[in-house]
Amino acid sequence: MQTLGRPKLGHYVAGRLIDGNGAATVPVYDPASGNITKSVALGDASTVAAAVRAARDAFAGWSATPPLRRAAVLFGFRELVLAHAERLARIITAEHGKTLSDARGEVQRGLEVVEFACGIPHLLKGEFSENVGRAVDSYSLRQALGVCAGISPFNFPAMVPMWMFPVALACGNTFIMKPSEKDPSLTLELAQLLAQAQLPAGVFNVVNGAKAAVDALLAHPGIAAISFVGSTPVARHVYERGTAGGKRVQALGGAKNHLVIMPDADLEQTTDALMGAAFGSAGERCMAVSIAVPVGDGVADALVAHLRQRIASLRVGAGDADGVEMGPLISDEHRRRVHGYVDLAEREGAHIAVDGRNGANPKDGGFFFGATVLDCVTPDMRVYREEIFGPVLGVVRAADFEAALRVVNGHECGNGAAIFTRDGDAARVFTQRVQAGMVGVNVAIPVPMAFHSFGGWKASLFGDHHVHGPEGVRFYTRLKTVTCRWPAGARGTTDYAMPTMR
Ligand code: NAD
């Protein structure tokens with residue numbers, strides 16, 4: 001691929017941008033025009049080794065830095081991200097394609113995790129028990145793990161890295177971030193803002209690249225923990241390889257989020273919510289609603305009619321153009337893949353209620369795909385089972401509440417699920433029995449705030465910890481319990497039985 005004359009992004013190691021000269025590169029596109037705008041170096045085992053050396057060398061100093069001082073760096077970083085928020089949002093739109101308002105929202109959601117991490121002195125407070133035995137006290141504390149790594153997907157180039165490194169750094173770890181090779185600029189920008197906030201060199205490093213860089217991170221014995229967010233097959237690979245090497249791993253995978261619509265739901269409000277949840281960011285969100293489950297044929301018919309009407313006026317175009325509500329997909333390859341799924345839906349017997357295959361703006365050369373509604377989808381179809389990750393909403397009709405719940409719980413993924421209803425009892429039973437990590441009641445995209453934790457169930461998360469919030473602090477620290485005696489007269493006594501403190 002010819003990328004001469006265009007900027008080439010390298011890596012950020014030990015406080016310096018390094019260009020990765022000689023390394024293979026891949027192109028980075030502007031999805032709205034289809035043009036290549038830059039290239040990015042593909043890091044390998046030697047790049048990862050250099051980043052681990054830098055992070056390991058920085059660990060002793062950073063982990064011994066008082067949490068209050070670490071928080072002070074994060075307060076400074078917060079101010080810088082705020083000051084640069086508009087520029088960061090424009091970088092996201094230029095490489096990802098999402099609308100500017102969506103990109104601004106993403107920066108804001110990332111910033112909220114930084115704000116959570118600024119409270120780290122409080123979050124790291126341990127537990128203390130006085131007199132667990134005569135003149136014996138016991139206390140528990142949480143300590144940093146060492147060098148941690150993060151691997152992120154293309155769809156949230158700011159927010160997902162910010163789910164990870166602010167908490168990891170606040171806890172005293174050093175960090176290596178491997179962003180998606182499809183929109184790599186944002187992480188390098190954040191690295192430079194961290195440096196401006198006086199983060200010592202080597203505490204935060206960026207290795208760009210793809211599979212080879214990820215596999216090198218998984219294989220490196222100097223990395224204590226890995227946070228991964230991406231598709232389910234890669235999440236499973238990262239979890240299996242990482243834990244086999246003795247690392248702590250949290251690997252968040254793909255999704256197929258359902259929204260159940262009860263007959264008593266307000267259909268106007270539900271349609272509004274569904275339009276944003278299914279077609280916002282062109283459906284390229286792990287919390288996008290990709291399956292609607294209306295209860296009863298009457299609700300289903302009315303819902304599809306409402307959606308058809310709303311999609312007719314949906315404004316599709318370049319993410320930085322005024323008034324645009326839905327941008328392009330990330331790549332031409334992905335656009336073809338989504339197109340293939342709609343062809344498949346037809347062959348599988350779904351009814352194409354709204355067909356986006358001709359794109360909304362075919363003339364401008366970007367990777368556009370129009371909003372699509374597949375009616376009469378059934379759980380045996382591949383278009384139901386597999387994640388399409390585009391602006392394609394499947395409608396699975398259910399006869400009653402129990403049938404709807406069976407549909408939701410029958411899917412292998414369990415990231416988010418929502419119910420729209422005016423019936424408190426139906427909502428309560430749904431929240432109790434649904435097999436998903438994040439649940440919405442009349443909220444279509446129930447993304448937890450930074451001070452709670454984010455994560456799915458089943459094939460949507462491998463590992464024991466959700467990200468950010470209290471779970472993030474637990475993931476990036478390990479527990480130490482100290483039992484301590486300062487006796488006046490215990491010297492010279494030996495007891496060979498198991499200590500019981502009584
Ligand atoms: P992806 O799995 O293709 O890539 C994720 C990361 O893994 C990237 O950094 C990529 O370079 C790397 N990678 C890709 N293939 C690899 C391989 N074979 N071996 C090792 N590393 C590899 O995901 P994507 O297309 O960038 O992002 C979209 C996916 O991410 C969707 O499935 C979406 O649901 C998921 N996602 C999940 C969440 C969540 O919270 N559960 C959040 C955002 C995105």
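Heads up: the structure comes first, above all this text.
Residues numbered from 1 in each chain as written. Predicted model: local features only at pLDDT ≥ 70, side-chain atom pairs only at ≥ 80, totals over all residues. Heavy atoms only, no water.

Asks: Tell me about the overall build of the protein, and name the residues and values.
Replies: For the protein, the count of helices and strands is 16 helices and 23 strands. In terms of overall dimensions, the protein has a C-alpha envelope of 85 × 60 × 40 Å along the principal axes. Restricting to contacts in the protein with at least 6 residues of sequence separation, those with at least 24 account for 71%. When the accessible surface of the protein is split by element, carbon and sulfur atoms take 52% of a total near 21000 Å². Placing the 49 positive and 48 negative side-chain charges of the protein at their respective mean positions leaves the two points 8 Å apart. (Helix = DSSP H or I, 4+ residues; strand = E, 2+ residues; numbered from the N terminus. Contact = heavy atoms within 4.5 Å. Areas by Shrake-Rupley, 256 points an atom, 1.4 Å probe, with all protein chains shown as cover. Lys, Arg positive; Asp, Glu negative; His and termini not counted. Charge placed at Lys NZ, Arg CZ, Asp CG, Glu CD.)

Asks: Mind laying out the packing of aromatic side chains, listing which residues take part and the relevant values?
Replies: Under the criterion given, the structure shown has 10 aromatic pairs. Look at Y239 and F462: their rings are 6.3 Å apart centre to centre, the planes differ by 35°, and that puts the pair in the tilted class. With Y239 in helix α9 (residues 232-244) and F462 in strand β22 (residues 461-462), this pair connects stretches of sequence that are 223 residues apart. For Y239, a relative accessible area of 26% puts it in the partly exposed group. By way of ring pairs, the aromatic residues F77, F165, F175, F204, F475 and Y476 are connected into one cluster. (Phe/Tyr/Trp six-rings, centres within 6.5 Å; stacked < 30°, edge-to-face > 60°. Buried < 20%, exposed > 50% of the residue type's maximum accessible area, 1.4 Å probe, protein only.)

Asks: Describe the pattern of salt bridges, with residues and values.
Replies: This structure, assessed with the given rule, holds 25 salt bridges. E402 is the partner of R433 in a salt bridge, and the nearest nitrogen-oxygen pair spans 2.9 Å. Here R433 is found in helix α15 (residues 424-433), whereas its partner E402 is found in helix α14 (residues 401-410), with 31 residues between them in sequence. According to the relative accessible area criterion, R433 is partly exposed, its value standing at 38%. (Salt bridge = Lys/Arg side-chain N within 4 Å of Asp/Glu carboxyl O.)

Asks: Outline the site of the ligand, supporting the account with residue identities and numerical values.
Replies: In the region of the ligand, 28 residues are neighbours, and K178, E181, S231, G253 and E387 sit closest. Between the ligand and E181, the relevant distance is 2.7 Å, taken from an oxygen atom to a side-chain nitrogen or oxygen of the residue. In the model, an oxygen atom of the ligand is placed 2.6 Å from a nitrogen or oxygen of the E387 side chain. Calculation on the ligand without its partners gives an accessible area of 840 Å², and the protein chains cover 88% of this total. Of all the secondary-structure elements, those providing two or more residues to the shell around the ligand are α8 (211-219), β11 (225-229) and α9. Classifying every residue of the shell around the ligand by side-chain character gives 15 nonpolar, 9 polar and 4 charged. Viewed by domain, the shell around the ligand spans two of them, domain 1 (2-253 + 460-481) and domain 2 (257-441), each represented by three or more residues. (Near = heavy atom within 4 Å. Polar contact = N/O pair within 3.5 Å; in protein donor to acceptor, adjacent residues only side chain to side chain. Nonpolar A, V, L, I, M, F, W, Y, C, P; charged D, E, K, R; others polar. Domains from an automatic or database assignment.)

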